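Examination of the molecular architecture
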Amino acid sequence: MRVTGKVIAITGGTGGLGSAMARRLAQEGAKVYLLDLKGEEVARNLALPFIRIDLTNEEDWKSAITQILGREGRLDVLVNNAGINIRKPVEEMTIGEWNTMMSVNTGSVFLGCKYAIPVMKKQGGGAIINTSSVCGLVGHKYTPEAYTASKGAVTLLTKAIASRYGQFNIRCNSIHPSTVDTPLVAQLFKDPQRKAERYGEVPLGRLCDPADVANAVLYLASDEAAFINGLSLAVDGGVTCY
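Residues numbered from 1 in each chain as written. Predicted model: local features only at pLDDT ≥ 70, side-chain atom pairs only at ≥ 80, totals over all residues. Heavy atoms only, no water.

When you go through the protein chain residue by residue, the secondary structure sums to eight helices and seven strands. Projecting the C-alpha coordinates of the protein chain onto the three principal axes gives extents of approximately 50 × 40 × 35 Å. Considering the protein chain as a whole, with its 242 residues, one finds that 50% of them fall into the buried category. Residue pairs at least 24 apart in sequence account for 69% of intrachain contacts in the protein chain once pairs closer than 6 positions are excluded. Per element, the accessible surface of the protein chain, about 11200 Å² overall, is 54% carbon and sulfur. Averaging the coordinates of the 26 positive side-chain charges in the protein chain and doing the same for the 23 negative ones gives two points 5 Å apart. (Helix = DSSP H or I, 4+ residues; strand = E, 2+ residues; numbered from the N terminus. Buried < 20%, exposed > 50% of the residue type's maximum accessible area, 1.4 Å probe, protein only. Contact = heavy atoms within 4.5 Å. Areas by Shrake-Rupley, 256 points an atom, 1.4 Å probe, with all protein chains shown as cover. Lys, Arg positive; Asp, Glu negative; His and termini not counted. Charge placed at Lys NZ, Arg CZ, Asp CG, Glu CD.)

A few words now on the pairing of strand 5 (residues 126-131). A regular strand carries its side chains on alternate faces of the sheet. Burial within strand 5 is extensive, with six of its six residues counted as buried. What you see with strand 5 is no split at all: G126, I128 and N130 on one side and A127, I129 and T131 on the other are buried throughout. Judged from the four bridges that link them, strand 4 (residues 77-80) and strand 5 form a sheet pairing that is parallel. The residue of strand 5 that forms the bridge with L78 is I128. As for the winding sense of the linkage, the β-α-β connection from strand 4 through helix 4 (residues 95-123) to strand 5 is right-handed. Sheet topology places strand 5 next to strand 6 (residues 170-177); six bridges connect them, and they run parallel. (Pairing = 2+ DSSP bridges. Right-handed = clockwise from strand over helix to strand, strands pointing away.)

Turning to the environment of S63, a few remarks are in order. Residue position: S63 is located in helix 3 (residues 58-72). Look at S63 and you get partly exposed, because its relative accessible area is 36%. For the pair formed by S63 and R52, sequence separation is eleven residues and the distance between their alpha carbons is 9.8 Å.

See below:
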């Protein structure tokens, strides 16, 4: 995959999924920056630069982009990967919790695109990859409605950006993992019913591995995906094929 020398920023880059993406892209020769609120130790272990950022704050975004440009002079790929999930059904969730979910899951993607696009236009192109979810493609009865709504917004924001900014050689695509095998999910699966539900819905019979998602990101970031724009790429073992 041709990402050698590409400058790539990953939000939520020190989390389980983000760090898997970062490791894979760095293995292929990319210059990867980890953008997150915490996680310096993870960044040190990966030997990758870390930029502390509140992803819902415009000034932090301006500073992060300025730092990357100051060091590298360009930004080839932005992976908007950060997200949260407040696990409450709609009738139990407060409007404050709803707004928090939207601010992080959708607002951070909006801000990332807002500040990456002018850079990419000036340099003649780039790629934006947004982490959505299977919940950004279908309603999912095991997932809170606010999370589904936020990821659905990411899906269509991706397509809207792809349609408007493709003329500037800026590609924008989204990835849609099913339940990913992370330490956080392992805690969730202490409940045997939840574990059975999630395994039972996957035709391939296993959870999504972080490496599955990282490989999808690698493809969309690479020159091999030069004509892929506005795609909603499910990485779900067939969950959404019904």
